[in-house]
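Here's the letter readout for the chains.
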Amino acid sequence: MIYGAILAGGSGTRMHVSSMPKQFLLLKGKPIIIHTLEKMLACRRFHAVYLGIHPDWMSYMYDLLEKYDIDTPRVRLAPGGETRNDTIFRVIDEINRDYGANEDDIIVTHDAVRPFVTLRIIDENIDAAIEHGACDTVVRATDTIVCSEDGTVISEIPNREFMYQGQTPQSFKITLLKEAYAQLTKEEKEILTDACKICVIKNIPVKLVRGEVLNMKITTVNDYEIAEVIAGGISLD
């Protein structure tokens, strides 16, 4: 079976414009997370879509589902963890409890604050995960990438031809992801930035899926302002 996982386990915000997490801010009259959920539900290949929500905001999320008339057994809530990967594995635990474990099960993980994801990106993630076991959504870097080890002077300027900017979804065969994570040392787990790095550390090939520049992550006030402009010019439904 194929499952979606919308990651919204965080409780803070870097925007300093609201007391609530950024995924609950309104965009074109609806919370960002509702836009993202509706995009995932539009993909009929998902058996279920899980929302990994910070425990303090679970009741609020249930209220949003009722308010925006999202009444479908395909939507499930799971308590988020302390880190991104903790949330993913908590969702996987919920999947196993609800539906059991199957060797070919696929999980498509996506940021709650990327509401402009397209069905093309979701479908290609599913296809790549089925064929390759793991995939990441990326766009080519258009700017020169500058590395600085001390934050003061340039340490390295890598060849832009080989540079990509990571987005989400990131998608996996669930058994592959769990087995790779179980093999990590404590030190390796401490340096994880996302789920794909689990595979990279264990030398598991991760297929690239072409993303979109509009598939932006709303993190800062500037991002939010840009998203409002985008949302005003295109349909999010």
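Quick caveat: nothing in here was measured; it's all calculated off a predicted structure.

Colleague: Describe the packing of helix 1 (residues 32-41) against helix 2 (residues 58-67), with residues and values.
Modeller: Taken N-terminus to C-terminus, the directions of helix 1 and helix 2 make an angle of 65°; their axes are 11 Å apart at the nearest point. The handedness of the crossing between helix 1 and helix 2 comes out as right-handed. Together, Ile33, Ile34 and Leu37 of helix 1 and Met61, Leu64 and Leu65 of helix 2 make up the contact between the two elements. Taken together, the residues of the contact of helix 1 with helix 2 sort by class into six nonpolar, no polar and no charged.

Colleague: Any chance you could break down the side chain of Asp111 for me, citing the residues and the numbers?
Modeller: Position of Asp111 relative to the elements: it lies in strand 6 (residues 106-111). Given the relative accessible area of 4%, Asp111 is considered buried. Here the side chain of Asp111 touches Arg84 through a polar contact of 2.7 Å, side chain to side chain. Side-chain polar atoms of Asp111 contact the side chain of Arg114, separated by 2.8 Å. When neighbours within four sequence positions are excluded, Asp111 is seen to be in contact with Leu7, Thr36, Arg84, Thr168 and Lys217.

Colleague: Which residues make up the nonpolar core, and what are the values?
Modeller: The biggest cluster of nonpolar side chains holds 43 residues, and the ones touching the most others in it are Ile33, Leu37, Phe46, Leu51, Ile53 and Met61. Setting aside anything within four residues of it in sequence, one finds Leu37 in contact with Ile6, Val49, Leu51, Leu65, Ile70 and Val75.

Colleague: Explain the packing of aromatic side chains residue by residue, including any values.
Modeller: Scanning all chains against the criterion turns up six aromatic pairs. With centroids separated by 5.5 Å and ring planes inclined at 35°, the aromatic side chains of Tyr3 and Tyr99 adopt a geometry described as tilted. Note that Tyr3 is positioned in strand 1 (residues 2-8) and Tyr99 in helix 3 (residues 84-99), a separation of 96 residues in sequence. Looking at Tyr3, the relative accessible area reads 1%, which means it is buried.

Each value, and the rule that gives it
What you see as residue numbers is a count from 1 along each chain, following the sequence as written. Per-residue local features are limited, in this predicted model, to residues with pLDDT of at least 70; the limit for side-chain atom pairs, both in listing and counting, is 80 or more; totals at the level of whole chains, interfaces and linings are taken over all residues. The side-chain figures draw on all heavy atoms in the structure; neither hydrogens nor water molecules are used. Helix axes use the C-alpha atoms of the stretch in contact, all axes being lines fitted to C-alpha atoms, and the angles between their N-to-C directions lie in the range 0 to 180 degrees. Secondary structure follows DSSP: runs of H or I at least 4 residues long count as helices, runs of E at least 2 residues long count as strands, and numbering of each begins at the N terminus. Here is the rule for handedness: rotate from the far helix to the near one, and if that takes an anticlockwise turn smaller than a right angle the crossing is left-handed, while a clockwise turn gives right-handed. Here, two residues are considered to be in contact whenever any of their heavy atoms come within 4.5 Å of each other. Residues were grouped as follows: Ala, Val, Leu, Ile, Met, Phe, Trp, Tyr, Cys and Pro as nonpolar; Asp, Glu, Lys and Arg as charged; and all remaining residues, including Gly, as polar. Classification of residues uses two cut-offs on accessible area relative to the type maximum, computed with a 1.4 Å probe and protein chains only: under 20% is buried, over 50% is exposed, and between them is partly exposed. Any pair of N or O atoms that falls within 3.5 Å is considered a polar contact. Within protein, one atom must be able to donate a hydrogen and the other to accept it, and sequence-neighbouring residues count only if both atoms are side-chain atoms. To define a nonpolar core, start from buried Ala, Val, Leu, Ile, Met, Phe, Trp, Tyr and Cys residues and group those joined through side-chain atoms within 4.5 Å. A pair of aromatic rings is counted whenever rings of Phe, Tyr or Trp (Trp by its six-membered ring) have centres within 6.5 Å, and the orientation is called stacked for planes under 30 degrees apart, edge-to-face for over 60 and tilted otherwise.

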